[in-house]
Amino acid sequence: MKVYFSHGKDGVPQGSKIQRLASIASEHGCTVDSIDYTDLMDPDQRVERLRDILKKEDESFILVGSSMGGYVSLVAAEDVRTHAVFLLAPALYIPDYKQQEYCPATEYVEIVHGWSDEVIPPGHSIRFANEADCTLHLISGDHRLKGAIEMVEDLFRRFLCRVLPGQ
């Protein structure tokens, strides 16, 4: 299984959060790739980049996205055969973003969002989780979830144990 990470608007492909989660994915026998979107500010151009990469993928994969990368991962999951999606404070229902309704083609979607998120209101994740009937973890933390990284790591480990075959 391969895990593709999509960073947020101001993030980088090898940011500390991605590195920590990539290490966990590797421990579970997954290969990892972190897409570089630093040259693209438009979220829908990022979606197209990810779709183009995924359409060439032969291996089953999981998408992990943070903030704008959460939007990118969720939208891309609508028309590629995604095994599972794990979202961190996803930028959903943002007025300037092209897509406002989401229907990923996977049964495994899980969200982690901080109660004190000052960038993306937790209500956006609550709304999506309610509409999609997916798992949502609201935890103590801000948008970057930096102060709650150990909790995020634990939730990601549990997620992988649930969705990976034979775990």
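Residues numbered from 1 in each chain as written. Predicted model: local features only at pLDDT ≥ 70, side-chain atom pairs only at ≥ 80, totals over all residues. Heavy atoms only, no water.

Peer 1: Hey, could you run me through the packing of helix α2 (residues 43–55) against helix α3 (residues 68–76) in this one?
Peer 2: Each pair of packed helices can be described by the angle between their axes along with the distance between the axes. At their nearest, the axes of α2 and α3 sit 9 Å apart, and the two run at 50° to each other. In terms of orientation, α2 and α3 fall into the oblique class. Of the two possible hands of crossing, α2 and α3 adopt the one that is right-handed. Two secondary-structure elements touch here, α2 through Pro43, Asp44, Arg46, Val47, Leu50, Arg51 and Leu54 and α3 through Met68, Tyr71, Val72, Ser73, Val75 and Ala76. Residues of the contact of α2 with α3, tallied by class, amount to 9 nonpolar, 1 polar and 3 charged. (Axes fitted to C-alpha atoms, helices over the stretch in contact; angles between N-to-C directions. Helix = DSSP H or I, 4+ residues; strand = E, 2+ residues; numbered from the N terminus. Parallel < 35°, antiparallel > 145°, perpendicular 65-115°, else oblique. Left-handed = near helix turned anticlockwise from the far one by under 90°. Contact = heavy atoms within 4.5 Å. Nonpolar A, V, L, I, M, F, W, Y, C, P; charged D, E, K, R; others polar.)

Peer 1: Help me understand the packing of helix α1 (residues 16–27) against helix α5 (residues 149–163) in this model?
Peer 2: The N-to-C vectors of α1 and α5 enclose an angle of 30°; their axes lie 10 Å apart at closest approach. In terms of orientation, α1 lies roughly parallel with respect to α5. Classified by chirality, the crossing of α5 by α1 is right-handed. Seen from α1, the contacting residues are Lys17, Arg20, Leu21, Ile24, Ala25 and Glu27; seen from α5, they are Ile149, Glu150, Val152, Glu153, Phe156, Arg157 and Leu160. Each residue belonging to the contact of α1 with α5 can be placed in one class, and the counts come to 7 nonpolar, no polar and 6 charged.

Peer 1: Any chance you could explain the sheet that holds strand β2 (residues 31–35) here in plain terms?
Peer 2: Through backbone hydrogen bonds, the strands of a sheet pair up, either in parallel or in antiparallel fashion. Strand order in this open sheet of 6 strands is β2-β1-β3-β4-β5-β6, and the pairing throughout is parallel. Two strands close off the open sheet at either side, each with one partner strand: β2 and β6 (135–139). When the angles between neighbouring strand axes are averaged without regard to direction, this sheet yields 15°. Taken together, the 4 bridges between strand β4 (residues 84–88) and strand β5 (residues 109–114) define a ladder with parallel strand orientation. Within β5, the residue paired with Val85 across the bridge is Val109. Sheet contacts for α5: β1 (2–6), β3 (61–66), β4, β5 and β6; angle to β4, the most-contacted strand, approximately 170°. (Pairing = 2+ DSSP bridges.)

Peer 1: Honestly, the nonpolar core in this entry has me stumped. Any pointers?
Peer 2: Here is a general trend for soluble globular proteins: nonpolar side chains tend to be buried in one another's company. If you look at the biggest cluster of nonpolar residues, it comprises 30 residues, and the most contacted ones within it are Leu50, Leu54, Leu63, Tyr71, Val72, Tyr102 and Phe128. Secondary-structure elements contributing two or more residues to this core are α2, β3, α3, β4, β5 and α4 (122–132). Not counting residues up to four positions away in its chain, the partners in contact with Tyr102 are Tyr71, Leu74, Val75, Glu78, Leu92, Tyr93 and Phe128. Grouped together as the second largest cluster of nonpolar side chains are 25 residues, Ile18, Val112, Leu145 and Leu164 included. (Core = buried A, V, L, I, M, F, W, Y, C linked by side-chain atoms within 4.5 Å. Buried < 20%, exposed > 50% of the residue type's maximum accessible area, 1.4 Å probe, protein only.)

Peer 1: It is not clear to me how the pairing of β4 should be interpreted in this structure. Could you clarify?
Peer 2: Summarising burial for β4: 5 of the 5 residues are buried, a large majority. Residues Ala84, Phe86 and Leu88 point to one face of β4 and Val85 and Leu87 to the other, with burial holding for every one of them. Two elements, β3 and β4, share 5 bridges in a ladder whose sense is parallel. Along β4, the bridge assignment pairs Leu63 with Val85. Running through α3, the crossover from β3 to the neighbouring parallel element β4 is right-handed. (Right-handed = clockwise from strand over helix to strand, strands pointing away.)

Peer 1: Please explain the pattern of salt bridges as it appears in this structure.
Peer 2: Any two side chains of opposite charge can pair, on the condition that their charged atoms come close. This structure, assessed with the given rule, holds 9 salt bridges. Asp39 is the salt-bridge partner of Arg49, the closest N and O atoms lying 2.7 Å from each other. Taken as a pair, Arg49 in helix α2 and Asp39 in the loop between β2 and α2 lie far apart in primary sequence, 10 residues in all. You can call Arg49 partly exposed: its relative accessible area is 26%. In this structure, Arg51 and Glu48 form a salt bridge, with 2.6 Å as the shortest nitrogen-oxygen distance. Remark: Glu48 and Arg51 occur in helix α2; sequence separation between them is 3 residues, near one turn of the helix. Classification of Glu48 by relative accessible area gives partly exposed; the value is 37%. Through salt bridges with shared partners, one network takes in Arg20, Glu150 and Glu153. (Salt bridge = Lys/Arg side-chain N within 4 Å of Asp/Glu carboxyl O.)

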